Amino acid sequence: MSSIDIRHTHSLTPAKARKAVEEVARKLAERFGVDTHWEGDLMHFKRSGVDGHIALAPHQLHVSAQLGFLLGAMKGPIEAEIRRVLDERFT
């Protein structure tokens, strides 16, 4: 299994950061069939081959995911896309 571990700083208020994460999660659900749910300031996401979460903290968010065998082969492009979306939404 491959893992993704990204920490990204931001200057959004907690409410705006949560809204931005929800927008990203909605797109993931539409495009890839990812199921999401909140547990406090932790958004869990899961689908076949991916299990992870996005943790919101003041001025930082942390994306952590475990990729199954097939998606593990695509770790580089997946991680690059996550970083691109984070830069777009949280800068």
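For the structure itself, consult the block above.
Residues numbered from 1 in each chain as written. Predicted model: local features only at pLDDT ≥ 70, side-chain atom pairs only at ≥ 80, totals over all residues. Heavy atoms only, no water.

A look at the nonpolar core
We count it as follows: For this analysis, a nonpolar core means a set of buried residues of the types Ala, Val, Leu, Ile, Met, Phe, Trp, Tyr and Cys, connected via side-chain atoms within 4.5 Å. Using a 1.4 Å probe on the protein chains alone, a residue whose accessible area is under 20% of its type maximum counts as buried, one over 50% counts as exposed, and one in between counts as partly exposed. Under the scheme used here, helices are H or I runs from DSSP no shorter than 4 residues and strands are E runs no shorter than 2 residues, and both carry numbers assigned from the N terminus. Should any heavy atoms of two residues lie within 4.5 Å, those residues are considered in contact.
Counting 18 residues, the largest nonpolar core has Val21, Phe45, Ile54, Leu61, Val63, Leu86 and Phe90 as the members making the most contacts within it. Elements supplying a minimum of two residues to this core: β1 (2–9), α1 (14–32), β3 (42–47), β4 (50–57) and β5 (60–67). Not counting the four nearest positions on each side in its chain, Val21 is found in contact with Trp38, Met43, Ile54, Leu56 and Phe90.

A few points about the sheet that holds β1
To keep things clear, this is the line we draw: A pair of strands is labelled paired if DSSP reports no fewer than 2 bridges between them. Axis definition: a line fit to C-alpha positions, over the contact stretch in the case of helices; interaxial angles, taken between N-to-C directions, run 0 to 180 degrees.
With antiparallel pairing, the 5 strands of this open sheet are ordered in space as β1-β5-β4-β3-β2. The two strands at the open ends of the sheet, each matched to only one other strand, are β1 and β2 (35–39). The mean inter-strand angle of the sheet, taken between neighbouring strand axes irrespective of direction, is 15°. Where β3 and β4 come together, 6 bridges link them in antiparallel fashion. Counterpart to His44 in the pairing with β4 is His53. Sitting on the sheet, helix α3 (residues 75–89) touches β1 and β5, and the angle it makes with β1 is about 15°.

Regarding α3
Going by this rule: The span one expects for a helix is its residue count, reduced by one, times 1.5 Å. Of all possible arcs, the one meant is that of the directions from the helix axis to the C-beta atoms.
An ideal rise of 1.5 Å per residue puts 21 Å on 15 residues; α3 measures up with 21 Å between its terminal C-alpha atoms. Listed as buried for α3 are Glu79, Val85 and Leu86. Burial along α3 is one-sided: seen end-on, the buried residues are contained in an arc of 125°. Buried-residue contacts for α3 involve β1, α1 and β5.

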